[in-house]
Amino acid sequence: MWTPLALVLLTSWGAFAQVPLPEPPFLPQNASAGATPSATGIPNAQWSSLLGNLLYFYEAQRSGKLPSTNRVKWRNDSALIDGQDVKLDLTGGLYDAGNYLKCTFPLSFTVMSICWGATDFGKGYDLANQTPYLDDMLRWSLDWLIKAHAANNTLFVQVANEKVDNAYWGGDRNIPLPRPSYQINDTSPGTDAAAGTAAAFAACSNLYANRVFSNSYSGPATLQNATYAATLLEHAKQLFTFATSASGGQAVYQRSVPEVGEAYASSGYGDELAIAALFLSWATNSSSLYQQAQGYWQQYSLGSYNGVFNWDNKTPGLPVLFAQIAQANPTFGGNASTWQTVAEKYFDGIVYGSGPGYQTHGGLLYYKGDSDDASLNPSLNAAMLLTRYVPLASTQSRRNDYWHYAKAQINYALGNNPMQAPYIVGANPNSPQNPHSAMASGGNNISNINTSPPHEAYVLYGAVVGGPDKYDRFFDIRADWPETEVALDYNAPMLTLAAMHVLNDTADPFYTSLKAGAYDSKKPQGIPCDDAYTDGCSGPQLSQGGKIVLGVIPGLTGFSILSLLVWWAMISFRRAHDPLY
């Protein structure tokens, strides 16, 4: 049994010294700079700038009392009484998306993903001079998760009520109250949230402790701090014990806190238990925890899942991590070749087309359902896992195919798509102009989000938006949250991918080849068809002439002719509106 939570470590802030922030600070350039090719070489200036912008987005999402080093001058101190309802300080942290909720479950996934990426490809941050900002972003997030882990068996999983929050559209000075604090605890457990947060703490402890998986990767970013790593590991251990041993049993967290199910309901907890055990096995050099993770893989039939990797389901990342650790330390009892086979079955399904995902006409990896809201997220997470797995692949052909497939998904997100739009705000003149962000919009009329004000008040540099629809169309409408909303987890895979490209790519990101006006020439007419705009989903209607013809064609012959006409009209419509047809 692990020792009680070492809260005493939290009082020794001097030992947690951050990497000093640069002076003068890095600031994003005007979008026009993204249409200018850079000089070749490593590090590539455009990839380095992109990495900096992606980190800058997280600074724009900060909650609480902002530090003197704040670079986002249009942001203000906000939500300064969070936690008051439970007599705790839950200020700080990050707003989850385009609103003012603070959500532990997706934040933990985001931090876990970024720390895993910075462990493998951290030298990309070093080369781009972004390691201080990586450190700053991680500590701002992790320090809030430490606050949220208020006791051994207590974890606050959300601050603010979604219904109240969604009824407000405005700046950060007038966020509506009350902002209730929701918790899981020993008698009202949330196995998924506790284990997911344990995984985040363990993954980040590995980063801060410089625990390298393999020399096949660049190695961790240079931000090591043994004291901070130990504190993170202590929280990881306690939360894992909570997840596995709560007196209330094991359950998805929305069973204990129904309010969280409105935004981030969990589909299960076996994947969180497995990935927490894996990161902890590496952090503590424990073969038993590795074996425990393999047990969860079997117990919860995780091998039967072939869907997306995201905040809800971490399963596709597990074979990669199993293989990384088995290769790094064979004494743990893992069989690297076995996990290669499992991983490659999944990746082959993506790359060679036998899995549930398919490619849109423009080349975007798309999963029916999961990609309908935030289409870029499944694609970029797949690209991130594929690129990480390349050094472990069993054949040269797979290494080549996986790399090229991942690169194509990255290029799609960066502008090589039918809209000629890079889906990162502020990256290029063709980037989205209307991200769904209450803070950045500058408006306060929830009934008129799109035109009040006509132009977004602030540029939310570095924000990855949801992305296009299944027909590769992007309407850039502020209220169309499936396409234009921003979120913490949307940026996470692109951060790791950008760090990888800083390390290895002399060529600029694709968007530097796009000149101003490219998107405007491709922008679709009409309105979208998605959860925000169902009016755009109505099918074809007969014209008035068609209705007259229907009334005058008599008899069986007329009926046959009409049937052929209807068939021809349907085929013509589908060809015109569905490029996959």
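Remember, it's a predicted structure, so these values are computed and weren't measured experimentally.

Visitor: Tell me about the state of the cysteines, and please be specific about residues and values.
Guide: Disulfides are covalent bonds that link the sulfur atoms of two cysteine residues. Counted by the stated rule, this structure contains two disulfides. Put simply, cysteine 115 and cysteine 204 are joined by a disulfide, and their sulfur atoms are 2.0 Å apart. Taking the sign of the S-S torsion, 95° for the link of cysteine 115 and cysteine 204, the bridge is right-handed. Of the two residues, cysteine 115 is situated in helix α2 (residues 104-120) and cysteine 204 in helix α6 (residues 191-208); the sequence distance between them amounts to 89 residues. Like cysteine 204, cysteine 115 is buried. Covalently, cysteine 529 is tied to cysteine 537 through a disulfide, its sulfur atoms 2.1 Å apart.

Visitor: Residue-level account of the confidence of the model for the chain, with values.
Guide: Chain-level statistics for the chain give a pLDDT mean of 91 and a share of 90% at 70 or above. The model gives residues 1-15 a pLDDT under 50, and that stretch makes 27 contacts with residues more than four places away or in other chains. Within the model, pLDDT remains below 50 along residues 539-581, and this stretch shows 16 contacts once partners closer than five positions in the same chain are excluded.

Visitor: Tell me about the side chain of aspartate 82, and please be specific about residues and values.
Guide: Tracing the backbone through its elements, the reader meets aspartate 82 in the loop between α1 (45-60) and β1 (102-103). For aspartate 82, the side chain forms a polar contact with the side chain of lysine 102, separated by 2.8 Å. Excluding residues within four positions of it along the chain, aspartate 82 makes contact with Ser63, Leu88, Asp89, Leu90, Thr91, Lys102, Val159 and Arg179.

Visitor: Any details on the pairing of strand β3 (residues 181-185)? Residues and values, ideally.
Guide: Residues in a regular strand project their side chains so that they alternate between the two faces of the sheet. The buried count for β3 comes to four of five residues, which makes it a mostly enclosed element. In this structure, strand β2 (residues 154-159) lies alongside β3, joined through five bridges in antiparallel fashion. Paired with valine 159 across the two strands is serine 181, which belongs to β3.

Visitor: Break down the packing of helix α4 (residues 131-148) against α6 for me, with residues and values.
Guide: For the pair α4 and α6, the least separation of the axes is 11 Å and the interaxial angle reads 140°. It follows from the interaxial angle that α4 and α6 lie oblique. Viewed along their axes, α4 and α6 form a crossing whose handedness is left-handed. On the side of α4, the interface is formed by Asp135, Leu138, Arg139, Leu142, Leu145 and Ile146, while α6 contributes Thr197, Phe201, Cys204, Leu207 and Tyr208. In the contact of α4 with α6, the residues fall into eight nonpolar, one polar and two charged.

Conventions we followed
Residues numbered from 1 in each chain as written. Predicted model: local features only at pLDDT ≥ 70, side-chain atom pairs only at ≥ 80, totals over all residues. Heavy atoms only, no water. Disulfide = S-S within 2.5 Å. Helix = DSSP H or I, 4+ residues; strand = E, 2+ residues; numbered from the N terminus. Buried < 20%, exposed > 50% of the residue type's maximum accessible area, 1.4 Å probe, protein only. pLDDT = per-residue confidence, 0-100. Contact = heavy atoms within 4.5 Å. Polar contact = N/O pair within 3.5 Å; in protein donor to acceptor, adjacent residues only side chain to side chain. Pairing = 2+ DSSP bridges. Axes fitted to C-alpha atoms, helices over the stretch in contact; angles between N-to-C directions. Parallel < 35°, antiparallel > 145°, perpendicular 65-115°, else oblique. Left-handed = near helix turned anticlockwise from the far one by under 90°. Nonpolar A, V, L, I, M, F, W, Y, C, P; charged D, E, K, R; others polar.

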